[in-house]
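Summary of the model geometry
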Amino acid sequence: QKEVEQNSGPLSVPEGAIASLNCTYSDRVSQSFFWYRQYSGKSPELIMSIYSNGDKEDGRFTAQLNKASQYVSLLIRDSQPSDSATYLCAVMGSARQLTFGSGTQLTVLP
Amino acid sequence: DTGVSQDPRHKITKRGQNVTFRCDPISEHNRLYWYRQTLGQGPEFLTYFQNEAQLEKSRLLSDRFSAERPKGSFSTLEIQRTEQGDSAMYLCASEEGPEAFFGQGTRLTVV
């Protein structure tokens, strides 16, 4: 079992819709959770961090964390074609390094 | 530009040659990380530094790989006797607090 799992997609949504990206993790002592956006050929860009159970909103992005279920999600409201990218879920456990999922490729159709 | 800077952006080398990459972190960040990313995968941790001390190395980091961070500022990652399997994007990140920020990466192609 991979430590961080994401649906690889691809996920396609129409412009203006809500895109929902999901991630599960195996290490129960994980404390910090992140979503990175990666455009093709570019490096990952941090877009959201979340550390406690519940929702965290930042503009069109909402991160949700449920530590009991070991589940993290990212909602993108009013999706735009410029949101088309691979979204990487990353988890930091007791060790300092990030463990990444394989990413979900999102395409927003105009 | 005050972000993480990596050099070179691209490197093509022949199998068996040595290569060295450089990373300049965000100046006030004490922690510096190296990751490797292959196509279709998320980045994989290689090693990290707290100031000049190398605190952790992944089992992915074979003895052909060495990293340094003299004086706790920039860092170098050297790969000796490169193999085709070393072809990947090498990413550097710096962190202060739990949030890590990545440089543009160095794409290595071993031919």
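Details of the structure are given in the entry above.
A brief look at the structure comes next. What you see is a predicted model; the values in this text were computed from it and never measured. (Residues numbered from 1 in each chain as written. Chains lettered and ligands numbered in written order. Predicted model: local features only at pLDDT ≥ 70, side-chain atom pairs only at ≥ 80, totals over all residues. Heavy atoms only, no water.)

Some words on the side chain of Ser75 of chain B
The line we're drawing: A run of H or I in DSSP becomes a helix once it reaches four residues, and a run of E becomes a strand once it reaches two; helices and strands are each numbered from the N terminus. Any two residues whose heavy atoms approach within 4.5 Å at even a single point are treated as in contact.
Here Ser75 of chain B is to be found in strand E8 (residues 75-79). Contact partners of Ser75 of chain B, with chain neighbours within four places excluded, come to Phe21, Arg22, Cys23, Leu32, Trp34, Phe49, Glu68 and Arg69 of chain B.

Looking at the state of the cysteines
Keep this limit in mind: By convention in this document, the label disulfide applies to cysteine sulfur atom pairs within 2.5 Å. For each residue, the accessible area found with a 1.4 Å probe, counting protein chains only, is set against the maximum for its type, and the residue is called buried under 20%, exposed over 50%, and partly exposed in between.
With the rule as written, the count across this model stands at two disulfides over all chains. Across a sulfur-sulfur distance of 2.1 Å, Cys23 of chain A and Cys89 of chain A are joined as a disulfide pair. Its S-S torsion of approximately -70° makes the covalent link between Cys23 of chain A and Cys89 of chain A left-handed. Taken together, the positions of Cys23 of chain A in strand E3 (residues 19-25) and Cys89 of chain A in strand E9 (residues 85-92) put the pair 66 residues apart, joining distant regions of the chain. Disulfide partner of Cys23 of chain B: Cys92 of chain B, at an S-S distance of 1.8 Å. Because the sign of the S-S torsion sets the handedness, a value of about -65° for the bond joining Cys23 of chain B and Cys92 of chain B places this disulfide among the left-handed ones. Pair noted here: Cys23 of chain B is in strand E3 (residues 19-24) and Cys92 of chain B is in strand E9 (residues 88-95), with a separation of 69 residues, a long-range link. As far as the burial class goes, Cys23 of chain B and Cys92 of chain B line up, both buried.

Side note on the interface of chain B and chain A
Bring the parts together and some accessible area is lost; that lost area is often taken as the interface size. Rules: Once two parts are brought into contact, the accessible area they lose, counted with a 1.4 Å probe and summed over both, makes up the buried area. Note on definitions: salt bridges are taken to be side-chain nitrogens of Lys or Arg within 4 Å of carboxyl oxygens of Asp or Glu. Any N or O atom pair separated by 3.5 Å or less is treated as a polar contact, with the protein-specific requirement of one donor-capable and one acceptor-capable atom, and with residues adjacent in sequence counted only for side-chain atom pairs. Asp, Glu, Lys and Arg are counted as charged, while Ala, Val, Leu, Ile, Met, Phe, Trp, Tyr, Cys and Pro are counted as nonpolar; the rest, among them Gly, fall into the polar class.
Listed by partner, the interface residues are 23 residues for chain B and 20 residues for chain A. Of the roughly 1600 Å² buried between chain B and chain A, counting both surfaces, carbon and sulfur atoms make up 53%. On inspection of chain B and its partner chain A, the count reaches one salt bridge. Ionic pairing is found between Glu95 of chain B and Arg96 of chain A, a salt bridge with its closest N-O pair at 2.3 Å. For the pair chain B and chain A, the number of links is ten residue pairs in polar contact (both at pLDDT 80 or more). Contributing elements (two or more residues each) for the side of chain B that touches chain A: strand E4 (31-37), strand E5 (44-50), E9 and strand E10 (100-102) of chain B. Considering each element in turn, the side of chain B that touches chain A owes the most residues, four residues, to E4 of chain B. Grouping the constituent residues of the side of chain B that touches chain A by class yields eleven nonpolar, seven polar and five charged.

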